[in-house]
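# Secondary and tertiary structure notes
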Amino acid sequence: MSYSVLFVCLGNICRSPMAEAVFRDLVRKEGLEGIVTVASAGTGDWHLGHPPHEGTRKVLDRRGISYAGQKARKLSAEDGTRYDLIVAMDSRNERDIRAALRPQQKAEIIRFLSILPEKGLADVPDPYYTGNFEEVFAMVEEGCRRLLATVKARLGGRA
Ligand code: 4NP
């Protein structure tokens with residue numbers, strides 16, 4: 001019994017590493033470490049090996065959420081066979097993910113804000129450009145909580 005989730009954004013330094021840290025923290029608090037695997041990647045390769053952006057580190061530090069060991073990496077075609085669920089932070093990311101992966105892959109691909117339809121928004125704004133990391137954190141936290149409930153239901157169904 002296991003489930004794996006990969007969050008993907010453009011640079012893998014702002015939004016997807018934030019979602020990775022927040023979701024892993026929730027997974028740990030639910031006692032699902034070792035059952036639910038969490039990771040992140042970027043569609044671009046500008047920041048390979050870099051830790052999360054200072055703005056992402058600050059919002060996580062403020063809440064005591066760990067991002068230890070997280071380093072930017074680029075999405076690879078193999079990720080489509082490694083993960084059960086790939087979560088794109090915006091619609092451009094979703095397009096790029098679908099183009100990068102092979103058609104017959106195992107992963108289901110969704111857009112992060114499809115989890116929060118009441119927001120009426122397609123894309124998690126990119127704080128690399130807006131500078132508003134708190135706004136993104138609020139969306140990421142709410143979405144991750146709801147995603148965990150879905151994942152738990154799926155795990156229950158498989159058990
Ligand atoms: P992210 O934000 O996709 O949320 O990590 C960005 C980070 C870096 C760049 C663009 C977006 N960049 O162009 O370097």
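For the structure, check the block above.
Residues numbered from 1 in each chain as written. Predicted model: local features only at pLDDT ≥ 70, side-chain atom pairs only at ≥ 80, totals over all residues. Heavy atoms only, no water.

According to the stated counting rule, one finds 3 aromatic pairs in the structure shown. Here phenylalanine 7 and phenylalanine 112 contribute two aromatic rings whose centre-to-centre distance is 6.4 Å and whose plane-to-plane angle is 55°, an arrangement assigned as tilted. A residue pair is termed long-range when its members are at least 10 positions apart, and phenylalanine 7 in strand β1 (residues 3-9) and phenylalanine 112 in the loop between β4 (108-111) and α5 (127-130) qualify at 105 residues. Taking the centre distance of 5.2 Å and the plane angle of 90° together, the rings of tyrosine 128 and tyrosine 129 count as edge-to-face. (Phe/Tyr/Trp six-rings, centres within 6.5 Å; stacked < 30°, edge-to-face > 60°. Helix = DSSP H or I, 4+ residues; strand = E, 2+ residues; numbered from the N terminus.)

On inspection of all chains with the given rule, the structure shows 20 salt bridges. Across the salt bridge formed by glutamate 54 and lysine 58, the nearest N and O atoms sit 3.6 Å from each other. Pair noted here: glutamate 54 and lysine 58 are both in helix α2 (residues 54-62), with a separation of 4 residues, about one helical turn. Of the residues examined, glutamate 54 reaches a relative accessible area of 46% and is grouped as partly exposed. Take lysine 58: its relative accessible area is 43%, and that puts it in the partly exposed class. Its salt-bridge partner being glutamate 134, residue arginine 63 comes within 2.8 Å of it at the nearest N-O pair. Within this pair, whereas arginine 63 is found in the loop between α2 and α3 (79-82), its partner glutamate 134 is found in helix α6 (residues 133-158), the two being separated by 71 residues in sequence. (Salt bridge = Lys/Arg side-chain N within 4 Å of Asp/Glu carboxyl O. Buried < 20%, exposed > 50% of the residue type's maximum accessible area, 1.4 Å probe, protein only.)

The backbone phi angle of asparagine 12 is positive, close to 60°, even though this residue is not glycine. With respect to the secondary-structure elements, asparagine 12 resides in the loop between β1 and α1 (15-29). For asparagine 12, a relative accessible area of 2% corresponds to the buried category.

The alternating pattern of strand β3 (residues 85-88) places Leu85 and Val87 on one face and Ile86 and Ala88 on the opposite face, and all of these are buried. Of the pairings in the sheet, the one linking β1 to β3 comprises 4 bridges and is parallel in character. Counterpart to phenylalanine 7 in the pairing with β3 is valine 87. With 4 bridges connecting them, β3 and β4 associate as parallel partners. Counted as the bridge partner of alanine 88 is arginine 111 from β4. Read as a crossover between parallel neighbours, the route from β3 over helix α4 (residues 91-100) to β4 is right-handed. (Pairing = 2+ DSSP bridges. Right-handed = clockwise from strand over helix to strand, strands pointing away.)

Turning next to the pairing of β1. A large share of β1 lies buried, amounting to 7 of its 7 residues. Judged by which residues are buried, β1 turns out to be covered on both faces: Tyr3, Val5, Phe7 and Cys9 on one side and Ser4, Leu6 and Val8 on the other are all buried. Relative to strand β2 (residues 36-42), β1 is paired through 7 bridges, and the arrangement is parallel. Bridging across to β2, valine 8 finds its partner in alanine 41. A crossover connection joins β1 to the parallel β2 through α1; in handedness this β-α-β unit is right-handed.

Everything listed here is a matter of geometry and, on its own, says nothing about what the molecule does.
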